[in-house]
Amino acid sequence: MKDVIMYAHSGSENHGCEAIVRSTCKMLNDNYKTILLSSAVKADKKYHIDHICDKLISVKEYKKTTVEYLKYAFKYRFKSKYASPFPAACWKIKKDIKNSIALSIGGDNYCYVNANMDWLLEELIESHQYFRKKGAKTVLWGCSIEEETLKNKRLREDIKKFDLITVRETLSQSNLEKYGITDNVVLTCDSAFFLDKKETKLPKLFIEGNTVGINVSPMVLDNEKKSGIVMENYCKLIDYIIDNTNMNIAFIPHVIWQGNDDRIVLEVLYEKYKTTDRVMKIDDCNCEELKWIISKCRFFIGARTHATIAAYSSFVPTLVAGYSIKSKGIAMDLFGTYKNYVVSASSLDNDERLLNAFQWIMKNEHKIVRDLREAMPVYGERFQNALHKLITLSKHY
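Keep in mind that this is a model prediction, so the values were computed, not measured.

We now examine the sheet that holds strand E13 (residues 299–302). Taken together, six strands build an open sheet; the order of strands is E12-E9-E8-E13-E14-E15 and the sheet is parallel. Only two strands of the sheet have a single neighbouring strand rather than two, namely strand E12 (279–281) and strand E15 (342–344). The average undirected angle you get between the axes of adjacent strands in this sheet is 15°. One ladder, built from three bridges, connects strand E14 (residues 318–322) with E15; its direction is parallel. When the bridges of E15 are listed, Gly 322 appears paired with Ser 344.

Okay, the pattern of salt bridges next. Summed over the entire model, instances satisfying the criterion amount to 27 salt bridges. Residue Lys 151 pairs with Glu 148 through a salt bridge whose shortest N-O separation is 3.3 Å. For Glu 148, a relative accessible area of 52% gives the class exposed. Residues Asp 190 and Arg 168 are paired through a salt bridge, measuring 2.5 Å at the closest nitrogen-oxygen approach. With Asp 190 in the loop between strand E7 (185–187) and strand E8 (211–214) and Arg 168 in the loop between strand E6 (164–167) and helix H8 (170–178), this residue pair connects regions lying 22 residues apart in the sequence. With respect to class, Asp 190 is no different from Arg 168; both count as buried. What you see here is one network of salt bridges that share partners, running through Lys 75, Glu 122, Glu 126 and Arg 154.

On to the sheet that holds strand E1 (residues 2–9), then. Paired through their backbone hydrogen bonds, the strands of a sheet run either parallel or antiparallel. Judged by pairing direction, the sheet is parallel, and its seven strands sit side by side in the order E3-E2-E1-E4-E5-E6-E7 without closing on themselves. Edge strands, defined here as strands with exactly one partner in the open sheet, are strand E3 (55–58) and E7. The sheet shows a mean angle of 20° between the axes of neighbouring strands, taken without regard to direction. Taken together, the six bridges between E1 and strand E2 (residues 32–38) define a ladder with parallel strand orientation.

Conventions adopted
- Residues numbered from 1 in each chain as written.
- Predicted model: local features only at pLDDT ≥ 70, side-chain atom pairs only at ≥ 80, totals over all residues.
- Heavy atoms only, no water.
- Pairing = 2+ DSSP bridges.
- Helix = DSSP H or I, 4+ residues; strand = E, 2+ residues; numbered from the N terminus.
- Axes fitted to C-alpha atoms, helices over the stretch in contact; angles between N-to-C directions.
- Salt bridge = Lys/Arg side-chain N within 4 Å of Asp/Glu carboxyl O.
- Buried < 20%, exposed > 50% of the residue type's maximum accessible area, 1.4 Å probe, protein only.

Dropping the structure here:
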């Protein structure tokens, strides 16, 4: 039985990260021994990720007598403050690495590398190099990659060294092609499209099939060009739903990280509209339960990528308040265009942009449902192809 070591996992309080782990483990089934390297083990245990992985290892625990830690300490002290401690955190699994598959499941990371994130650059490169040196086959799993990221020659050369790259949408695939990265690249979809649903209790005000799910991310607010314009757009949209439809509204968080918690923004909206008796808060729960709740919505408006993936894969017409290539790329692959399906936070220049886009989604509700149903078998084939490539790679030892 081969070992699959999943790394670049930031913890399950980001339920998108949790969804990738769960769906990937489901895909690997009983044919592989799964080891998850996590920077938030306590949070993973909270959502019982330790029940689905064979090993759950913290990358925050260092054995200071290892060669890797001494190298890190020296580099940090005398060469670079951006030295990565990642190799020093792998002392518990050193014997498991040779002849294993090292799966970088943090494909989203390549959307965010920029001049202000040298620490992330070091983390991505050094973790990948470490596994390669130790004899593992390496896979960049379900990634999205901004063109700006690929302008960094050092990172670009590192990406080329992956034994397999599964890219989850065609815009990112095109970016890779622009820089000559085509070998071992396979177009797939995000594994979370095949995440299971788990039934859970719905709030009293939740009307199955006639509720609008709303998710807002602090990151969307961070990307607005005009101060306050994002919340103005959401308020205008909510006013319209309450005044002109019989649908209720569910505020659904999908990331609850400290400092990047959807509930903070959603609480502001809930307090503003709670006296209408048309809105409700969804409590935090695991990603399978969140997907089940989202699947019971009639429409979904979301900022977090994996919240929208939960909606798409449940055939719920979805409007995305996006802030990176992944939202545009996923929508384009599903519908042939991202126009009308994605509103970029940076493009909001008046308070009705989100409302106008949502009205288009409402008008085209039945066509969108039909398009999503037709897309899922294609996505299934893409994913099976990526899985086949991964299995083939594991047999090359």
